Structure formats: C-alpha cells, structure tokens
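# Commentary on secondary and tertiary structure
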Amino acid sequence: MTFNLNAWLTTALMAVSFIANSKTISVEHPLGVTTLESKPERVIVLGMDTLDIVDYLNIVPIGVVKAPIPDYLTKYQSDQFASVGTLHEPDFETIFSLKPDLIIASNRSSPAYEELSEIAPTVVLMADTQQFWQTTQNGWRMFGEIFEVEDKIEQLIAETSLEIDQVKRQAQASNAKALMVMTNGGNVSTFGAGSRYDAIFDEFGFEQLVHNDKVLAHGDLISFEFIAQANPDYLLVMDRDKAIGRDSGEAKQGFYNALIAQTNAAKNNRITELNPQVWYISASGITATKMMIEDMHNALQ
C-alpha cells in the first residue's frame with residue numbers, strides 16, 4: 001500500500017484546525033455542569049425543543065428522535081439522520097455506536113442523563129413551565145456558548161423579549177379573560193396559571209378566568225357545560241392528539257356546539273386553536289417560541 005503524504009497532511013491539518021477553532025468549556029445546565037469542547041461536530045439531539053434550536057442555528061446533527069415530530073422539522077426523518085430512540089427512551093446502543101462529541105437531552109429524556117453522560121458529554125435543556133421565558137433564555141444561551149454564537153443568541157433574546165412584552169401589554173389592556181383547554185382522546189381538560197401552560201397567563205398577560213392550581217400533566221378534566229358556565233372572553237384550544245401524531249387535528253370543530261355558542265368567546269369569534277406541536281412538543285425552541293407568540297397575537301385580534 002502506498003503512503004499518501006498529501007492525504008495524511010490534509011487530515012492532520014483539518015484536525016489541527018478543529019482543535020484551534022474549539023476550546024474546552026464548562027457549561028451549566030439544570031442537571032449539573034458539563035465539560036466539553038466547543039463547536040462539537042458530532043451532535044445527537046433527543047428532544048424536539050433542542051432539535052428546533054440546532055435547526056435554527058444551522059447545526060446538522062448526526063442522530064435525532066424522529067417521532068412525534070413537528071411539521072416544520074420533518075426533514076429530520078430522512079435516513080441521513082440516525083434514529084436514536086424516543087423522546088422518553090434513548091437508544092443507548094445506537095448512541096454509543098455513533099461516537100458523539102455531544103448529546104443534548106431534553107425534559108422527557110432527562111432521567112437518562114447519568115447514563116448518557118457515560119457515553120459522551122451531555123447537556124440538558126429543561127425549561128421551567130412556571131418561569132418559561134427566563135429558563136428558555138438560559139437554554140438558548142447554553143447553545144450560544146457551546147456553538148460560539150453568543151451574539152446571535154443575544155439578538156434573538158432581545159427581539160423575542162420585545163415581542164412577548166408587546167403581547168402582554170395588549171392582553172392586559174384588553175383585560176383578556178381566557179380559558180385554556182386541551183382535547184385528548186375525546187376528553188377536555190383545562191390548564192390555569194401555575195400549570196405547564198403558565199406562560200399564557202404569566203408571560204403573555206392573559207387573565208386566568210378559572211383558578212385552577214392543579215399541576216397535572218394533562219390538565220383538570222372539564223365538560224362543555226363547565227366552559228359555558230365559565231363564559232370565557234377568549235377560548236384557547238389545543239389538540240393533544242394532533243401534537244403526538246394521532247389521526248385528529250380537528251379539535252376546534254368540536255367546540256361548535258350549542259353550549260359553547262353561548263360564550264362571549266364564540267359570539268366574538270375569539271376561539272383560537274393553538275399550534276399543538278409547538279406548545280406540547282417543542283416549546284422553548286426558537287422557531288416554536290416564535291410560533292407561540294404568533295398564536296397569542298392571533299388570539300387577541
């Protein structure tokens with residue numbers, strides 16, 4: 001076999017260039033501090049919020065979770081990207097075989113953090129639902145530090161903060177009394193301030209119509225009679241079936257009935273269907289947050 005000096009030199013120079021362009025950093029996240037090389041190239045992504053962020057930053061992962069996946073991220077179902085498990089259960093064997101430089105976990109995969117950390121440096125994005133925007137900013141800044149795009153992230157945060165404040169001012173000026181409900185397999189539940197959708201009331205300024213302080217993953221079960229009696233000015237509807245890929249997507253249609261027709265929301269055409277994929281699956285992503293803001297704008301029109 002002939003030794004190819006030019007090829008060897010090219011490979012060596014590329015390796016030196018990568019080392020020169022990266023640096024060892026320690027990144028703080030909700031489950032600890034992780035030491036890694038900045039600007040990692042072999043990245044595995046285990047959540048839709050995190051996939052949203054790397055997509056927005058034009059970072060190409062080598063492995064992703066492929067379902068359920070928001071419509072705007074379906075290109076990652078391509079065979080170009082390895083399948084590395086589900087949102088709740090990472091495929092440790094496949095992840096190990098891919099030899100990643102970095103694993104990025106999310107809330108649903110966070111219980112596997114210790115085991116993932118034995119494979120490669122692992123960080124976790126976990127927004128606190130009761131401090132949504134502040135903890136989302138922390139997560140974005142973590143990505144900025146890891147991939148050395150701090151200036152871009154700070155600009156995004158500044159722009160997004162202004163947009164959120166604009167919605168909040170408008171909602172408060174309108175005295176927007178809202179009821180947020182989720183349809184799920186034929187059931188209807190509601191979420192209030194302090195729930196996983198606290199951002200609607202705390203960050204975006206809608207007024208909680210019914211005080212529901214139960215922190216339940218799928219909300220507090222209610223009926224159409226309950227909604228009619230509560231009589232919201234704004235009714236925000238999310239279809240969980242559509243969010244997780246079930247055959248549905250018609251949540252709002254179920255609210256065209258005689259009981260709901262009595263409400264101020266129906267009379268004033270203020271029943272808004274929220275984008276279920278971003279609210280339920282990829283909240284805290286950059287594109288997802290923009291879509292959430294758009295939903296809130298639309299609700300107030």
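For the structure itself, look to the data block above.
Residues numbered from 1 in each chain as written. Predicted model: local features only at pLDDT ≥ 70, side-chain atom pairs only at ≥ 80, totals over all residues. Heavy atoms only, no water.

### Observations regarding the overall build of the chain
Across its full length, the chain carries 13 helices and 13 strands. Split into buried and exposed, the 301 residues of the chain put 48% on the buried side. For the chain, the share of sequence-separated contacts (at least 6 apart) that also reach a separation of at least 24 residues comes to 60%. Carbon together with sulfur atoms contributes 49% to the accessible area of the chain, which is approximately 14500 Å² in total. (Helix = DSSP H or I, 4+ residues; strand = E, 2+ residues; numbered from the N terminus. Buried < 20%, exposed > 50% of the residue type's maximum accessible area, 1.4 Å probe, protein only. Contact = heavy atoms within 4.5 Å. Areas by Shrake-Rupley, 256 points an atom, 1.4 Å probe, with all protein chains shown as cover.)

### Section: the side chain of Thr-50
The topology assignment puts Thr-50 in helix α2 (residues 48-56). When residues no more than four places from it in sequence are discounted, the contact partners of Thr-50 are Val-45, Ile-104, Ala-105, Ser-106, Leu-125 and Phe-143.

### Some remarks on the environment of Lys-290
Position of Lys-290 relative to the elements: it lies in helix α13 (residues 286-300). Note on Lys-290: relative accessible area 28%, which makes it partly exposed. When sequence neighbours within four positions are dropped, the list of residues in contact with Lys-290 reads Tyr-56 and Leu-156.

### With respect to helix α5 (residues 132-147)
With 16 residues, α5 extends 23 Å between its outermost C-alpha atoms, agreeing within 8% with the 22 Å of an ideal straight helix rising 1.5 Å per residue. Burial of α5 is extensive: twelve of the 16 residues sit out of reach of the surface. Among the residues of α5, those classed as buried are Phe-132, Trp-133, Thr-135, Thr-136, Gln-137, Gly-139, Trp-140, Met-142, Phe-143, Gly-144, Ile-146 and Phe-147. A positive phi of about 55° marks Glu-148, the residue just after α5. (Expected span 1.5 Å × (residues − 1).)

### Overview of the pattern of salt bridges
Within the structure shown, the criterion is met by three salt bridges. Salt-bridge contacts for Arg-141 lead to Glu-154; the nearest nitrogen and oxygen are separated by 2.7 Å. Pair noted here: Arg-141 is in helix α5 and Glu-154 is in helix α6 (residues 150-173), with a separation of 13 residues, a long-range link. The exposure class assigned to Arg-141 is partly exposed, which follows from its relative accessible area of 32%. (Salt bridge = Lys/Arg side-chain N within 4 Å of Asp/Glu carboxyl O.)

### What about the environment of Pro-61?
Tracing the backbone through its elements, the reader meets Pro-61 in the loop between α2 and β4 (63-64). We classify Pro-61 as buried; its relative accessible area is 4%. Sequence-wise, Pro-61 and Pro-100 are 39 residues apart; in three dimensions their C-alpha atoms are separated by 9.6 Å.

### As for the packing of aromatic side chains
Per the stated rule, a full pass over the model turns up seven aromatic pairs. Ring geometry for Phe-191 and Tyr-197: centres 4.9 Å apart, planes at 85°, overall edge-to-face. The exposure classification of Phe-191 matches that of Tyr-197, with both residues buried. Every member of this aromatic cluster is reached through a ring pair, and the members are Phe-191, Tyr-197, Phe-204 and Trp-279. Over the ring of Tyr-280 we find Arg-108, and its NZ or CZ is 5.5 Å from the ring centre. (Phe/Tyr/Trp six-rings, centres within 6.5 Å; stacked < 30°, edge-to-face > 60°. Lys NZ or Arg CZ within 6 Å of the ring centre and 35° of its normal.)

### Points about the sheet that holds strand β6 (residues 102-106)
With parallel pairing, the five strands of this open sheet are ordered in space as β5-β4-β3-β6-β7. Edge positions in the open sheet fall to β5 (82-83) and β7 (122-125), since each of these has one partner strand only. Where β6 meets β7, four bridges bridge the pair, whose relative direction is parallel. Opposite Ile-103, over in β7, you have Thr-122 as the bridge partner. (Pairing = 2+ DSSP bridges.)

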